[in-house]
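Breakdown of the fold
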Amino acid sequence: MSIFSLAVTVLIGVLFFVAFFHFSNFLLDYFRIKSKKKFALENSLRVVIFIGPAFIVLFVFIIYPVFETIRLSFYDKLGENFVGLYNYAWAIKDPDFKRSIINNLGWLIVVPTLSTFFGLVIANLADRVWWGSIAKSIIFMPMAISFVGAGVIWKFMYDYRGPGDQQIGLLNAIAVALGFEPQAWLTIPIWNNFFLMAIMIWIQTGLALVIFSAALRTIPKETLDAARIDGASELKIFWKIIIPYLEQTILVIWTIITLLVLKVFDIIYAMTNGQWQTEVLANLMYDWMFRGGGDTGRGSVLAFCILIGVIPILAWNLYKHRQDQKV
Amino acid sequence: MKKFTLTSIFSQLLLLIFVIAWIAPTFGLFISSLRDKDVLAISGWWTSFTTTEVNEIYRTKGKDAQIKEGEYYYIKSNLFRENKGKEIFRFGVTSKNIDEYEVGETALFKDGTEITVSENGDYIWKSQNEFKKKKGKRVFVSAKSPPSFTLDNYKEVLFKEGLGQAFLNTFAVALPATLIPLIICSFFAYALTWMKFYGRDILLATIIASLVVPLQMSLIPILTIYNDFGALFGVAAKSFPGIWMAHTGFGLASTTFLLWNFLKSLPQEMMEAAKVDGATHYDTFIKIVVPLSVPAFASIFILQFLWVWNDLLVGLVFLDKHPSEIILTAKLKELLGSRGENWEILTTSAFVSMAVPLFIFFSLQRYFIRGLVAGSIKG
């Protein structure tokens, strides 16, 4: 499509919603002026107009699909016949599924831990040097890039050429310079998972860094100064004062990154597509959505597994929300 | 005092190592996208700043270029089609011995003809008999290549590989997929904050819960709905409006939540004053709430826009892979499969796909960070 027709499509799409809100409210105002009796009805109509579109979208795209996916997980390939726990039984026996669960657990442990740790360390270091804000900008930059873009960047880093050839991937060039054999990093089972995790850590450290930077400023300076006067080393201050002070923030960042890692798809799909034992749930699910014409039953089971992973966080969020509402 | 300086130096060094480790991958990609594709395939990007030695093969011109001077036939030309400042220092005429001769020396071909190659690639090929072959002979050269950068790769991917169209498509997806949720969620958030109606608390709790529901839960049912819808009305199941609404759905909870958080902080007295003055909720919304919410809108806009721009999964599921619909990330993934060894295409394409996010990042970093810190809880 040409630029022009794309622009027109976009404009129509957006104006449709503006027009909906404007005209429905305009109509309501018009009728209100004509008949002053229906005041109660006017209020409820207004509520309907305000929440209607969002509620429909919420229902169609989130609420209904959650229940439908759970229902489909008990149905066959095409979602037509009830098969009980058959899909779940399949999953438990499937080697790819087992691999995915193990890998996802690995991701869940490594990525949030290292991102949070690096973020915290860098936030501390950046606060002490005059070029700290430039450093923060640079480390934060990967946050803006897509996972696929990051995938290309790192695939280039991990590029492999035979032992005799010039290495054009930085990692192999370093390996060769240090006297090691070049490696096809992404095809070494078990270890390749860590090379993929490195990409996610590279991206998410920036997030942790920004949030920690903001939080660090809330630590009272007197506390730190007092510790310094008492002769505490910088390392001791870090472990004994800063970390306990930032406990809440660490928890928040941990949760955010955990949520992201549970759904990790793009990186795996772009880099290895689950080969060489790097399969994860989200990629396996995508695979089953289309493999052999698609299997909605198995796909739904896999999606449901991801949901189970977020349920503790969901419950915690709701609990906190209720606490906030009470105050 | 001495201890402090030592710590300071140590901090600077450690931070420097982090910064270098973080920037090197992106920087390498960027430099590579500006390099000549032949050089890119055989040498690391870090070598591109210094003069490097390269071994190359060229072919001389054929019989059409010959001239006769005295008894001899000559072909005089330059090996390089366009010289980018390369300097030849050795050359050869057989593949077994590619650097047999010093530059300026005269080499002997098997058929008895002689060739002299000079530093800048000029050569004189001399023969007693008339040249008969249309094709020239191969000459192997070892040359010093100075740093050189080019925009050729960008021309290639934007116009030949179809990345230009994918770029437009991504805009056509991302703009409405950002504006539509912003519009409908601002009304929704207003209602959740300032209107009283039955079920408001449950709705709010649903939003909080939806924040973390993985979008994988929605893919299969929505794809089914779209397919049924398409079949029923005889329209394409995969379309731009379809993906706008999908992104609206997936961004709805976080957009609403962020706006609700912001609107809560507005003073209640102001709303009540407007009500006393006889303003309807719609008036209040347009005339008071929207102008006050501009900074919040900016943050949320950037956040959602980048999210949609960088998304791969939703684009793969709800859009066709046809050139008129494919988005940048999907195109990039496709190239990774089909052009896996053509690093000039991959690095350049990746950089094109990153251009808009990076521009937003550097120009609107403040809003971006504010939005991200507030809204990183997206499901």
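Residues numbered from 1 in each chain as written. Chains lettered and ligands numbered in written order. Predicted model: local features only at pLDDT ≥ 70, side-chain atom pairs only at ≥ 80, totals over all residues.

So, about the overall build of chain A. Across its full length, chain A carries 14 helices and 0 strands. Referenced to the eigenvectors of the C-alpha coordinate spread, the extents of chain A come out at roughly 85 × 60 × 50 Å. When each of the 327 residues of chain A is scored for burial, the buried share is 41%. Look at the contacts in chain A between residues 6 or more apart in sequence, and 66% of them connect residues 24 or more apart. (Helix = DSSP H or I, 4+ residues; strand = E, 2+ residues; numbered from the N terminus. Buried ≥ 20, exposed ≤ 12 C-beta atoms within 10 Å, placed from the backbone. Contact = placed C-beta atoms within 7 Å.)

Attention now moves to the overall build of chain B. A tally of regular secondary structure across chain B gives 14 helices and 9 strands. Its C-alpha atoms give chain B a radius of gyration of 32 Å, more than 25% over the compact-globule value 21 Å for 379 residues. Dimensions of chain B along its principal axes, counting C-alpha atoms only, are 110 × 80 × 35 Å. The buried share of chain B, reckoned over its 379 residues, is 44%. For chain B, the proportion of contacts with a sequence separation of at least 24, taken over those separated by at least 6, is 73%. (Rg over C-alpha atoms; globule rule 2.2 N^0.38 Å.)

Take the nonpolar core next. Judged by nonpolar contacts, the single largest core of 178 residues is most densely connected at A:V264 and B:F188. Sequence-distant contacts of A:V264, that is, excluding residues within four places in its chain, are made with A:W107, A:M200, A:V280 and A:A282. B:Y58, B:I115, B:V117 and B:F140 belong to the second largest nonpolar core, which has 15 residues in total. (Core = buried A, V, L, I, M, F, W, Y, C linked by C-beta atoms within 7 Å.)

Every contact between the two is made by 87 residues of chain B and, on the other side, 84 residues of chain A. It is helix α1 (residues 2-33) of chain B that provides the largest number of residues to the side of chain B that touches chain A, a total of 16 residues. Broken down by class, the residue content of the side of chain B that touches chain A amounts to 63 nonpolar, 23 polar and 1 charged. (Nonpolar A, V, L, I, M, F, W, Y, C, P; charged D, E, K, R; others polar.)

Here we take up the domain arrangement of chain B. For chain B, the assigned domains read domain 1 (51-146) and domain 2 (154-375). Just the C-alpha atoms count here: the centres of domain 1 of chain B and domain 2 of chain B sit 60 Å apart. (Domains from an automatic or database assignment.)

Once that is clear, we can look at the sheet that holds strand β7 (residues 114-117) of chain B. Residue and element names in this part refer to chain B. Reading across the sheet, the 5 strands line up as β2-β3-β8-β7-β6 and stay open at both edges, with antiparallel pairing between neighbours. Of all the strands in the sheet, just β2 (67-69) and β6 (106-108) have a single pairing partner and so form its edges. Ignoring strand direction, the axes of neighbouring strands in this sheet form an average angle of 30 degrees. Bridge count between strand β3 (residues 72-78) and strand β8 (residues 122-127): 6 bridges; the pairing is antiparallel. Along β8, the bridge assignment pairs K76 with I124. (Pairing = 2+ DSSP bridges. Axes fitted to C-alpha atoms, helices over the stretch in contact; angles between N-to-C directions.)

Residues and elements named next belong to chain B. Remark: helix α10 (residues 294-310) packs on helix α13 (residues 343-363), axes separated minimally by 10 Å, with the N-to-C direction vectors making an angle of 160 degrees. Taken together, α10 and α13 sit at an angle that is classed as roughly antiparallel. Crossing of α10 against α13: the hand is left-handed. Contacts between α10 and α13 involve I302, L306, W309 and N310 from the first element and V356, P357 and I360 from the second. Classifying every residue of the contact of α10 with α13 gives 6 nonpolar, 1 polar and no charged. (Parallel < 35°, antiparallel > 145°, perpendicular 65-115°, else oblique. Left-handed = near helix turned anticlockwise from the far one by under 90°.)

This next bit is on the pairing of β7(B). Residues and elements named next belong to chain B. Only one face of β7 is buried, namely the one carrying I115 and V117, since none of E114 and T116 on the opposite face is buried. Where β6 hands over to β7, the hairpin turn is made up of 5 residues, of which G112 adopts a positive phi near 90 degrees. In this structure, β7 lies alongside β8, joined through 4 bridges in antiparallel fashion. Looking at the pairing, V117 lines up with Y123 of β8. Remark: 4 residues form the turn of the hairpin made by β7 and β8, two consecutive strands paired antiparallel; G121 in that turn has positive phi of roughly 100 degrees.

Attention now moves to the sheet that holds strand β5 (residues 101-102) of chain B. Strand-to-strand pairing in sheets goes through backbone hydrogen bonds, with the strands running parallel or antiparallel. Residue and element names in this part refer to chain B. Read across the sheet, 4 strands follow the order β1-β9-β4-β5 without closing on themselves; strand pairing throughout is antiparallel. The sheet is open, and its two borders are formed by β1 (52-59) and β5, each paired with just one other strand. Across 2 bridges, the pairing between strand β4 (residues 87-92) and β5 is antiparallel. Looking at the pairing, F91 lines up with Y101 of β5.

Next up on the list: the environment of A:N43. In this structure, A:N43 sits in helix α2 (residues 39-72). On the neighbour-count criterion, A:N43 (16 C-beta atoms within 10 Å) is partly exposed.

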